[in-house]
Amino acid sequence: MKQRARFSRTAVVGGAALALVLSLTGCGGDSDAAGDGAIHVLVYGDAANKVEKELVATFNETSEVKVVLDTIPGADYQAKLQTIIRSKQAPDVFFNWGGGSIKPFVDAGLLLPLDPFIADDPGLKANFLPSVFNSAVVDGVSYGIPMRGTQPVLLFNNGKVLDKAGVEPPETWDDLLAAVKALKADGVTPIALGGGDRWPTLMWFEYLYDRIAGPELFQKALDGDKDAWASPDSRKALSMIRELVDAGAFGTNYDSVKFTDQGSPTLLATGRAGFELMGSWAYSTQQDAHPEFAKNDLGYSAFPSVEGGKGDRANLVGNTNNFYSVVKKTKHPQAVAEFLKLMYSDRFVKAQLSIGNLPTTTNTEGLLDTAASPGFAKFQYDMVKEAPAFQLSWDQAYPQSAATAMYQALQQFFNGSMDEDAFIEAMQALPTS
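Calculation rules
Residues numbered from 1 in each chain as written. Predicted model: local features only at pLDDT ≥ 70, side-chain atom pairs only at ≥ 80, totals over all residues. Heavy atoms only, no water. Pairing = 2+ DSSP bridges. Helix = DSSP H or I, 4+ residues; strand = E, 2+ residues; numbered from the N terminus. Axes fitted to C-alpha atoms, helices over the stretch in contact; angles between N-to-C directions. Contact = heavy atoms within 4.5 Å. Expected span 1.5 Å × (residues − 1). Buried < 20%, exposed > 50% of the residue type's maximum accessible area, 1.4 Å probe, protein only. Arc of directions from axis to C-beta. Parallel < 35°, antiparallel > 145°, perpendicular 65-115°, else oblique. Left-handed = near helix turned anticlockwise from the far one by under 90°.

The subject of this paragraph is the sheet that holds strand S3 (residues 93-96). In spatial order, the strands read S2-S1-S3-S12-S6; together these five strands make up an open sheet with mixed pairing. Bordering the open sheet on either side are strand S2 (67-73) and strand S6 (145-147), each of which pairs with just one other strand. Shown here is a sheet whose adjacent strand axes are inclined to one another by a mean of 30°, direction ignored. Note: strand S1 (residues 39-45) against S2, seven bridges, orientation parallel. From the neighbouring strand, leucine 42 faces S2, where its bridge partner is aspartate 70. Packed on one face of the sheet, helix H17 (residues 333-340) meets S1, S2, S3, S6 and strand S12 (322-326) and runs near 165° to S12.

To continue, consider helix H10 (residues 173-185). Its 13 residues give H10 an end-to-end C-alpha distance of 19 Å, which sits within 8% of 18 Å, the value for a rise of 1.5 Å per residue. Within H10, burial applies to Trp173, Leu176, Leu177, Ala179, Val180 and Leu183. Buried residues of H10, viewed axially, fall in a sector of 160°; they line one side. Exposed side chains of H10 directed beyond 90 degrees from the buried face belong to Asp174, Lys181 and Ala185. Each element contacted by the buried residues of H10 is listed here: helix H9 (159-165), strand S8 (189-192), helix H11 (199-213), helix H13 (232-246) and strand S9 (273-279).

This brings us to the packing of H13 against helix H22 (residues 420-428). What describes two packed helices is the angle between their axes and the distance between those same axes. Look at H13 against H22: their axes get within 11 Å of each other, and the N-to-C directions meet at 125°. Compared by their axis directions, H13 and H22 come out oblique. Of the two possible hands of crossing, H13 and H22 adopt the one that is right-handed. Counted together, Arg235, Leu238 and Ser239 of H13 and Glu420, Asp421, Phe423 and Ile424 of H22 form the full contact between these two elements.

The buried fraction of S9 amounts to seven of the seven residues, a majority that puts the element mostly inside the structure. When strand S7 (residues 151-158) meets S9, the two strands line up antiparallel, connected through five bridges. Along S9, the bridge assignment pairs asparagine 157 with phenylalanine 275. Bridge count between S8 and S9: three bridges; the pairing is parallel. Following the sheet pairing, threonine 189 is matched in S9 by alanine 273.

Bringing helix H19 (residues 374-386) into the picture now. Here H19 contains 13 residues, and its C-alpha end-to-end distance of 18 Å stays within 8% of the 18 Å for a straight helix at 1.5 Å per residue. Buried within H19 are the following residues: Phe376, Ala377, Gln380, Tyr381, Met383 and Val384. The arc that holds the buried residues of H19, viewed along the axis, is 165°, so those residues lie on one side. Set apart from the buried face of H19 by more than 90 degrees, the exposed residues are Lys385 and Glu386.

Written out as structure tokens, the structure reads:
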């Protein structure tokens, strides 16, 4: 959403723009003041909303307190949430990525601790994989219930384009460079990139740093060790990113292409690009916008290994899950608790699997055959189950206050307007708390 989904974080909305957003989405969490007496659930607006609408309808069949689903378009979600959550229009429940994405709200006293809900219904914790559930635990207190699914970043491909160019999904970095050369020779952009959103560019940094240095380097940086960014492994990762960009892997206009407006997914689906590095939500995006392509020609593989690197090729980066968190001022906590129980139901799991998402509930494995693509679901499940490390996306691990400077540094290094030393200085300057 980075459904980074991933989820672009652009300029903060204010004034008339915010009023327009609220009027379009119907967002209004101060339910009694609004006179509707409902629970407002705010979600990231994208193709996965069909499942959220279905679950809301299911809940509303039997609940006296009704749920109203509000959406903000994905490209604007993170920035607009920052404003809405502190306003009279704050929702009762909202979509997030756990980790650093909710810590500022916890620190500001805006969120409701969920441990009392869990004491009443242990299944709100026990029915989820512990490593995932704990991503929304802050200072020992639970603030999120997993929803949607886990979102590892995968290297997607257009099988028809690869076959025409005589290319296979790359297993090594050298394989990837060779594939770039072959695809360029065949007249297509080797790798689609929604650089205009900026967060898709981040995925290349995340994986290369992992493959070269292992997950330890980023964790050191996140813990405040600024020297990690200036290490030899960091500089090697940067040199390899520059090598890939200079090889023409992304074409020349990637900064004017976006994932959130279907730009980069369309390049892949229509055969104008061979690969796209993207979170697993790319499957549901393609299924919704290009169903025939998703069914017949959409391929996927793990990110390639780097010779001599310290990171295991089985390591993953991405979002461990999305979460629902509850705003402290909700006037319907018991109804909210009942709504959250749907997030581990068989109905929820089957619905998410039907659009290509992979829930992290304990009952998921037994339902994989019901997925829209059982092969894709099992591929993801095995990857997540077997991964030695699953690194949370940098822009979710860092506090939100770091996002703008991080994106700017990533974009400028990628397009050549910032050199290696300046990039390192920019990353060292990021706030870590």
